[in-house]
Structure formats: C-alpha cells, structure tokens
Amino acid sequence: MCDDEMYRLTRSNGDPLFEGDIEIDADFHAKEGFFSTNRLWSLGVVYYTIHPSLRERRDQEGLVLDAIEHWREKTDLQFVERTVEPDYVTFKRANGCSSKLGRQGGEQLIRLGINCRQPEIIHEIGHAIGLRHEHTRPDRDEHIEIHWDQIIPEARHNFHRANGPTYGPIDFRSRMMYRPSAFAIGRLPTMSRRDGGPWGSTTVLSPGDVATVATLYAEEIERRDATTTPAPTTTPAPTTTPAPTTTPAPTTTPPPPPTELQFHDGRFVAHLDWVTPDGSGQGRAVPGSSPVSGNFYFFDPTNWELLVKVLDGRQINNHWWAYASGATDLEWDLTITDTSTGHQWTAHNHAGTRAPAFTEIEAFPASSS
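Residues numbered from 1 in each chain as written. Predicted model: local features only at pLDDT ≥ 70, side-chain atom pairs only at ≥ 80, totals over all residues. Heavy atoms only, no water.

**What about the overall build of the protein chain?**
Next, step 1: Secondary structure summary: the protein chain contains five helices and 20 strands in total.
Next, step 2: Going through the 369 residues of the protein chain one by one, you find that 46% of them count as buried.
Next, step 3: Taking all contacts inside the protein chain whose residues are at least 6 apart in sequence as the whole, residues at least 24 apart take part in 65%.
Next, step 4: Counting only carbon and sulfur atoms, one obtains 52% of the accessible surface of the protein chain, whose full area is about 18700 Å². (Helix = DSSP H or I, 4+ residues; strand = E, 2+ residues; numbered from the N terminus. Buried < 20%, exposed > 50% of the residue type's maximum accessible area, 1.4 Å probe, protein only. Contact = heavy atoms within 4.5 Å. Areas by Shrake-Rupley, 256 points an atom, 1.4 Å probe, with all protein chains shown as cover.)

**Quick word on unusual backbone geometry**
Next, step 1: Here the phi dihedral of Leu-43 falls at roughly 60 degrees; this positive angle occurs in a residue that is not glycine.
Next, step 2: Along the chain, Leu-43 turns up in the loop between β3 (22-23) and β4 (45-50).
Next, step 3: For Phe-183, which is not glycine, the phi torsion reads 60 degrees and is therefore positive.
Next, step 4: With respect to the secondary-structure elements, Phe-183 resides in the loop between β9 (144-146) and β10 (191-193).

**Some points on the environment of Phe-18**
Next, step 1: Locating Phe-18 in the fold gives a position in strand β2 (residues 15-18).
Next, step 2: Considering only alpha carbons, one finds Phe-18 and Leu-101, 83 residues apart in sequence, at a separation of 10.0 Å.

**Considering the packing of helix α1 (residues 60-74) against helix α2 (residues 118-129)**
A pair of packed helices can be characterised by two numbers: the angle between their axes and the separation between those axes.
Next, step 1: Packing of α1 against α2 leaves a shortest axis separation of 9 Å and a crossing angle of 55 degrees. Classified by the angle between their axes, α1 and α2 sit oblique to one another. Where α1 crosses over α2, the two elements pack in a sense that is right-handed. Only Gln-118, Ile-121, Ile-122, Ile-125, Gly-126 and Ile-129 of α2 make contact with α1, whose side of the interface consists of Leu-63, Val-64, Asp-66, Ala-67, Ile-68, His-70 and Trp-71.
Next, step 2: Of the residues in the contact of α1 with α2, the class split is nine nonpolar, three polar and one charged. (Axes fitted to C-alpha atoms, helices over the stretch in contact; angles between N-to-C directions. Parallel < 35°, antiparallel > 145°, perpendicular 65-115°, else oblique. Left-handed = near helix turned anticlockwise from the far one by under 90°. Nonpolar A, V, L, I, M, F, W, Y, C, P; charged D, E, K, R; others polar.)

**Comments concerning helix α4 (residues 218-227)**
Next, step 1: Along α4, the residues that are buried comprise Glu-220, Ile-221 and Arg-224. Within α4, the buried residues cover an arc of 95 degrees as seen down the axis, which keeps them to one side. Turned more than 90 degrees off the buried face of α4, the exposed positions are Glu-219, Glu-222 and Ala-226. (Arc of directions from axis to C-beta.)

**A short note on the sheet that holds strand β15 (residues 293-297)**
In any sheet, the strands associate via hydrogen bonds between backbone groups, in a parallel or an antiparallel arrangement.
Next, step 1: A sheet is described by the order of its strands in space; here five strands give the open sequence β14-β15-β16-β17-β20, paired in antiparallel fashion. Looking at which strands have only one partner, the edges of the open sheet turn out to be β14 (284-287) and β20 (358-365). Recorded for the sheet is a direction-independent mean angle of 25 degrees between the axes of neighbouring strands.
Next, step 2: Where strand β16 (residues 306-313) lies against strand β17 (residues 319-326), eight bridges are found, and the strand directions are antiparallel. In the sheet register, Val-310 faces β17, and the bridge partner there is Ala-322. (Pairing = 2+ DSSP bridges.)

**Quick notes on the confidence of the model for the protein chain**
Next, step 1: When pLDDT is averaged across the protein chain, the result is 82; 82% of the residues are at 70 or more.
Next, step 2: Scored below 50 in pLDDT, residues 1-9 makes 31 contacts in the model with residues more than four places away or belonging to other chains.
Next, step 3: Here residues 27-35 is a poorly scored stretch, pLDDT under 50, and it has 19 contacts once near neighbours within four places are set aside; other chains count. (pLDDT = per-residue confidence, 0-100.)

**A short note on the pattern of salt bridges**
Next, step 1: Summed over all chains, the structure comprises 12 salt bridges.
Next, step 2: Residues Arg-140 and Asp-141 are paired through a salt bridge, measuring 2.5 Å at the closest nitrogen-oxygen approach.
Next, step 3: According to the relative accessible area criterion, Arg-140 is buried, its value standing at 2%.
Next, step 4: When its relative accessible area of 34% is taken as the criterion, Asp-141 is described as partly exposed.
Next, step 5: The shortest N-O distance in the salt bridge between Arg-179 and Asp-333 comes to 3.8 Å. Of the two residues, Arg-179 is situated in the loop between β9 and β10 and Asp-333 in strand β18 (residues 331-338); the sequence distance between them amounts to 154 residues. The pair formed by Arg-179 and Asp-333 is uniform in burial state, with each residue classed as buried.
Next, step 6: Linked by salt bridges that have partners in common, Glu-134, Arg-137 and Asp-139 make up one network. (Salt bridge = Lys/Arg side-chain N within 4 Å of Asp/Glu carboxyl O.)

**A look at the nonpolar core**
Next, step 1: If you look at the biggest cluster of nonpolar residues, it comprises 31 residues, and the most contacted ones within it are Trp-71, Phe-79, Phe-91, Ile-125, Ile-129 and Tyr-217.
Next, step 2: Mapped by element, the contributors of at least two residues to this core are β4, α1, β6 (88-93), β8 (107-112), α2 and α3 (207-216).
Next, step 3: Not counting chain neighbours up to four residues away, the residues in contact with Phe-91 comprise Tyr-48, Thr-49, Ile-50, His-51, Leu-54, Val-64, Ile-68, Ile-110, Leu-112, Ile-121 and Ile-125.
Next, step 4: Listed in part, the 24 residues of the second largest apolar core include Trp-274, Ala-285, Leu-306 and Ala-347. (Core = buried A, V, L, I, M, F, W, Y, C linked by side-chain atoms within 4.5 Å.)

**Notes on the packing of aromatic side chains**
Next, step 1: Summed over the entire model, instances satisfying the criterion amount to 13 aromatic pairs.
Next, step 2: With a centroid separation of 5.9 Å and 40 degrees between ring planes, the pair formed by Tyr-178 and Phe-183 is classed as tilted.
Next, step 3: Residue Tyr-178 is classed as buried on the basis of its relative accessible area, which comes to 10%.
Next, step 4: Taking the centre distance of 6.2 Å and the plane angle of 45 degrees together, the rings of Trp-274 and Phe-298 count as tilted. With a gap of 24 residues between them, Trp-274 in strand β12 (residues 268-276) and Phe-298 in the loop between β15 and β16 connect regions that are remote in the sequence. Per residue, the accessibility class of Trp-274 equals that of Phe-298, and both read buried.
Next, step 5: Ring pairs connect the aromatic residues Trp-148, Phe-159, Tyr-178 and Phe-183, which therefore count as one cluster.
Next, step 6: Here the guanidinium or amino end of Arg-82 rests over the ring plane of Tyr-88, the centre of that ring lying 3.9 Å away. (Phe/Tyr/Trp six-rings, centres within 6.5 Å; stacked < 30°, edge-to-face > 60°. Lys NZ or Arg CZ within 6 Å of the ring centre and 35° of its normal.)

Take a look at the structure:
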C-alpha cells in the first residue's frame, strides 16, 4: 500500500470514506482483500435489492433500474434480484453517493443521496463490482498532471496514486474518472492531460470501462458459462396452427436528454458538471434556436440554469468569444472545447454564490478556421 497520507478519510453515514465515495471499514489497513481480485462477484453475478426508502424519492428507484440495465447491456455481468443469496447489494436512500469496493460478503450498501442520478449510480455500481477511480491508477502521472496548489488542502488525499494492477490504457472518458475541476479551490483545474487533449468525461460506461470489466471478470464468466447446463429438450406434440394474431408495435425507451451543446456546426462543444453536498452530475442540454447559443438544466427540464454562447468575433479581434450566465447558486464547471484545435475554455461557480456573467473575447483563436 501507499503511504499513510493517502488514507486520510472523510466520513459519510458514519462510515469512513476513501477517495470521496468508497466506503471502507476503520481497520481496512489489515484487510488484504481491499485491493484484491478476491473481491470479485462469483461467476460474474451480482445479487441486489432496492430498499423501500428509494421509492419515496421522486423517480430514483427507476434510475437505479435504468443504471442496472445499462450494466447488463454493456457487460457480461448478470444482475439478479436477490431472494436468499448471502452476498448482495442493497440500494438505499442516504446522504451523498457511496459504495464499498468489490464484493464484501453479506449485505453491502450502495448509498444514494437525492442528487445521485443515473450517471452517479452507474459509477457506484462500478465500485461495487471492483472498479477503482481512473485518476488514481499507478501509471496516472505518465498521463495526468496534478495541480496540487489548486486542490482544497483537506482533499489532496483523494489524488494520491493507488497500488494494484491496471487494465488497458488510461481512459479519459471512463465513468470512473474524476472531472478535471474536482475539489478545486477556485476556477483553475486540479488536473490536466499531459498531452493537452480534452478531458472528455461521459455519463455512461466507456468502451474502456467495458473492456476493463471483461478482463477483470474473464475467469468468473468463463466458469459461469462452463457450469451452465442447458435445460433438456423434448419433442413437442403436434399442434394445430393457431389463427394469426396481430403483433403489437415494439415499445422503445426514449434516449436520455443530451449532455452537450454544439455551436457553429459542431466546431464548439460545451459540457456542464454540477456538484451538491449529496452528489454530482452533468447538465442536460437544451439547444438554442441559433447556432451560437443554448441552455443547460440540472433537474427540471423547464428550469434552465445556464445560458451559454459562442460568438464569432473574428472580424473584430480574430477570436471566437465565449459567454455564460446563470442564476443558480450550485457549484458548477463549464467546459467549452474547440474540436478543431482541442483548445478549451472553462468557467467555474462556487457553491452558495450566484455567478456573474462570464465573458471572454479571446476564448478561442481563429487561426485554424
């Protein structure tokens, strides 16, 4: 394990927390399995229950089921509602979002605060099956520069590298990756890519996440497939041909609202991340009627939280201009990326304050236009 400074903890629901949302026991230093593959779910089957407390909180039970279905669709793991199985996960109402790392034995909780939406639930399920945060992997420093002077001092332990194996190249689109402004003192980022590329955070499992799970659980799934015995088949008795029936049209689940705004035929792309004491998430995009503007909302589609514009100022100062304005007092981070150059412009609002309008008339040089 790393030095003790790495393991300074914050607390939620009375349990110690590691790296902000991983629940551990107070004596975890003595537990060899904390970072070990012996915490995988046997045969790649995760048994779960949903606590009644989640049914009292808006549509959160549905968000849990949607997050589970996302894991089913993207990976070979099986999620089965628990009956009498001894090891299982319970999704339960709580303050903040947190989970234990891997299978712990017996009941283990995935705690969900009011602002834990589907992306956060997908993230916490990732911890429950054994995935660590991407930004603390052992080879992190080869790809990420940590700006220690921009991190809240009490939160610096969340950025220390961890021991253990890595699976595939570092993945900046991983659902297990911190946002670049995590635990920032001010508006400047706490992390940046050494190659200068965009961060590219996402609200769903990335192809890298899927590949990591496939590698991590390859042996368990192989054992499951080898022990699965198909049911015996019998020759059916001859039957008469029934009258034709009308097949109802298949129902489709509408896709979730987009999380990015595009301006000027897709050259500029904007993402918005929000943070509350109970969790975090991504703003939902509401494209504007013109190619220069759009809005984001957090929870209520009818309550737009932030107006964003990218204006063409090339005839004035040979630059594209960026503008953002909103009335919310939540903490948020806005990132606008020039997809033709990789250049980014960011704005940050501190929790508890209403941000002034942000205007930058030299946000993006026009050299590559």
